[in-house]
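# Structural characterization, general
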Amino acid sequence: MTLVVVFVAVCLNLRVAFSGVGPLIPAMGLDQVSATVLTTVPPLCMGLFAPLGALARDRIGEERGLFAALIALTVGIVIRSVGLGGLFVGTVVASTAIAVLNVLTPVLVRKRFAANRVGVTMGVYAMLMGASAALTAAVTVPLYQSTGSWQIALGVAVIPAVLGLAALPTQLRVPHISHPPTAKVSWTGLLRNPTAWAVTGFFSIQTLLFYTLVAWLPAILVAAGSDPATAGTSFALCFIGVAVGGFLGPAWAGRRESQRLPILVTIVLCLVGLGGVMLAPAATASLWAILLGIGLGAGQGVPGILYVRRAADHRQTAQLSSMAQAIGYLIAATGPVLASALHSATGNWNFALITLIVLLLVNAAFSPRAGRGTT
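Residues numbered from 1 in each chain as written. Predicted model: local features only at pLDDT ≥ 70, side-chain atom pairs only at ≥ 80, totals over all residues. Heavy atoms only, no water.

### Describing the overall build of the chain
Along its length, the chain carries 18 helices and zero strands. The C-alpha atoms of the chain give a radius of gyration of 19 Å, which matches the 21 Å a tight globule of 375 residues would have. Dimensions of the chain, computed from the C-alpha atoms along their principal axes, are close to 60 × 45 × 35 Å. Expressed as a percentage of the 375 residues in the chain, the buried residues total 54%. Taking contacts inside the chain between residues at least 6 apart in sequence as the whole, the part at least 24 apart equals 86%. For the chain, the exposed area adds up to about 14200 Å²; of that, 71% sits on carbon and sulfur atoms. In the chain, which carries 20 positive and 7 negative side-chain charges, the distance between the mean positions of the two groups comes to 9 Å. (Helix = DSSP H or I, 4+ residues; strand = E, 2+ residues; numbered from the N terminus. Rg over C-alpha atoms; globule rule 2.2 N^0.38 Å. Buried < 20%, exposed > 50% of the residue type's maximum accessible area, 1.4 Å probe, protein only. Contact = heavy atoms within 4.5 Å. Areas by Shrake-Rupley, 256 points an atom, 1.4 Å probe, with all protein chains shown as cover. Lys, Arg positive; Asp, Glu negative; His and termini not counted. Charge placed at Lys NZ, Arg CZ, Asp CG, Glu CD.)

### So, the side chain of serine 234
Relative to the helices and strands, serine 234 resides in helix α13 (residues 228-254). A relative accessible area of 0% places serine 234 in the buried class. A polar contact of 3.1 Å, which involves the side chain of serine 234, links it to the side chain of serine 286. Those residues in contact with serine 234, other than ones at most four positions away along the chain, are Leu221, Ala285, Ser286 and Ala289. (Polar contact = N/O pair within 3.5 Å; in protein donor to acceptor, adjacent residues only side chain to side chain.)

### Points about helix α18 (residues 350-366)
In this model, α18 (17 residues) spans 25 Å end to end at C-alpha, consistent with the 24 Å of a helix rising 1.5 Å per residue. Burial in α18 covers these residues: Ala352, Leu353, Leu356, Leu360 and Asn363. An end-on view of α18 places all buried positions within 95° of arc, on one side of the element. Exposed side chains of α18 directed beyond 90 degrees from the buried face belong to Ala365 and Phe366. Tucked into the core, α18 has its buried residues touching α12 (194-223), α14 (260-279) and α17 (334-346). (Expected span 1.5 Å × (residues − 1). Arc of directions from axis to C-beta.)

### A word on the pattern of salt bridges
Across all of its chains, the model carries five salt bridges by this definition. Residues lysine 111 and glutamate 63 are paired through a salt bridge, measuring 3.5 Å at the closest nitrogen-oxygen approach. On the criterion of sequence distance, the pair formed by lysine 111 in helix α7 (residues 83-112) and glutamate 63 in helix α6 (residues 62-80) is long-range, its members being 48 residues apart. Glutamate 63 is the partner of arginine 112 in a salt bridge, and the nearest nitrogen-oxygen pair spans 2.9 Å. Of the two residues, arginine 112 sits in helix α7 while glutamate 63 sits in helix α6, which places them 49 residues apart along the sequence. Linked through salt bridges whose partners overlap, the residues forming this network are Arg57, Asp58, Glu62, Glu63, Lys111 and Arg112. (Salt bridge = Lys/Arg side-chain N within 4 Å of Asp/Glu carboxyl O.)

### Regarding helix α10 (residues 158-167)
The complete set of buried residues in α10 reads Pro160, Ala161, Gly164 and Ala167. For α10, the angular spread of the buried residues around the axis is 125°, confining them to a single face. The inward-facing, buried residues of α10 contact α1 (2-11), α2 (16-19) and α6.

Here you go:
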């Protein structure tokens with residue numbers, strides 16, 4: 001039971017530091033360039049520093065690596081709440097910490113949980129990630145309105161970080177078994193493996209879609225005819241869909257020998273949701289936002305199953321996870337920037353949405369390989 005509490009505490013921290021930023025951008029007085037930079041920093045840092053997760057696993061083990069990352073996350077959240085300069089510096093620190101948490105959490109599941117529980121456990125992982133983000137997005141603006149301080153509103157993200165720090169010491173006694181260098185699995189082999197690239201491609205495009213829409217979905221909905229309040233409600237409903245899809249996708253994929261069908265269903269849900277946002281009347285925006293959120297959530301959760309199922313052991317799980325996330329988040333970091341550039345160049349969001357749809361079609365063509373075979 002203690003391990004379950006620790007796992008829940010860690011999962012609550014995987015996105016909560018980011019989801020409150022978007023609704024507060026107007027209160028921060030940021031222009032579009034600064035806002036774009038701020039929303040690009042998290043996926044960029046999570047890509048650049050994902051290899052630290054595999055390094056931490058090799059040097060100090062999963063449990064100690066998670067604990068160290070939570071310390072860094074707490075520090076980053078505190079720094080982020082100290083003025084505009086601290087906002088950017090703290091976001092870098094927090095994003096780096098979450099890069100390590102992202103890599104090590106699936107490895108912890110592979111190492112410490114029963115094989116027949118991996119699907120449900122990874123479903124809980126993605127569900128908590130989405131639910132905590134939805135809750136943060138929902139309370140951030142009311143908290144700002146009641147306090148008049150965006151720093152306090154952002155600082156609420158420190159609560160789950162402190163809870164994680166309180167829970168994790170119970171796991172620090174778990175011994176870390178060192179392996180000789182010859183036992184290590186490097187990226188060299190994975191970079192030559194088509195299945196590893198298929199896993200990376202699926203994660204990359206789904207994550208680019210996720211961060212682009214986290215940054216700009218409210219603006220897209222307003223441009224499509226929704227009033228700001230309705231757009232905010234649809235945005236929150238999208239995150240509820242992320243929590244639902246985050247649980248159902250991995251739970252379903254984990255029960256199957258092949259994950260090809262869950263991969264395709266995930267992509268189709270995103271296509272239908274994007275199409276509805278782009279073409280349907282504004283009055284139905286909430287429906288399409290929920291469907292889109294379910295697809296986005298599954299797209300964040302199913303890769304965790306792929307890391308576990310396509311890897312030979314928990315060491316290779318760490319390597320595949322770090323490869324997919326390093327490359328994937330770097331690609332995802334371009335999404336908000338490119339969408340903003342297309343919007344500025346054309347005066348509307350249609351070209352950005354069409355680009356996302358094309359990328360999803362590419363994903364549907366090449367990613368099903370990630371659902372079969374071994375690395």
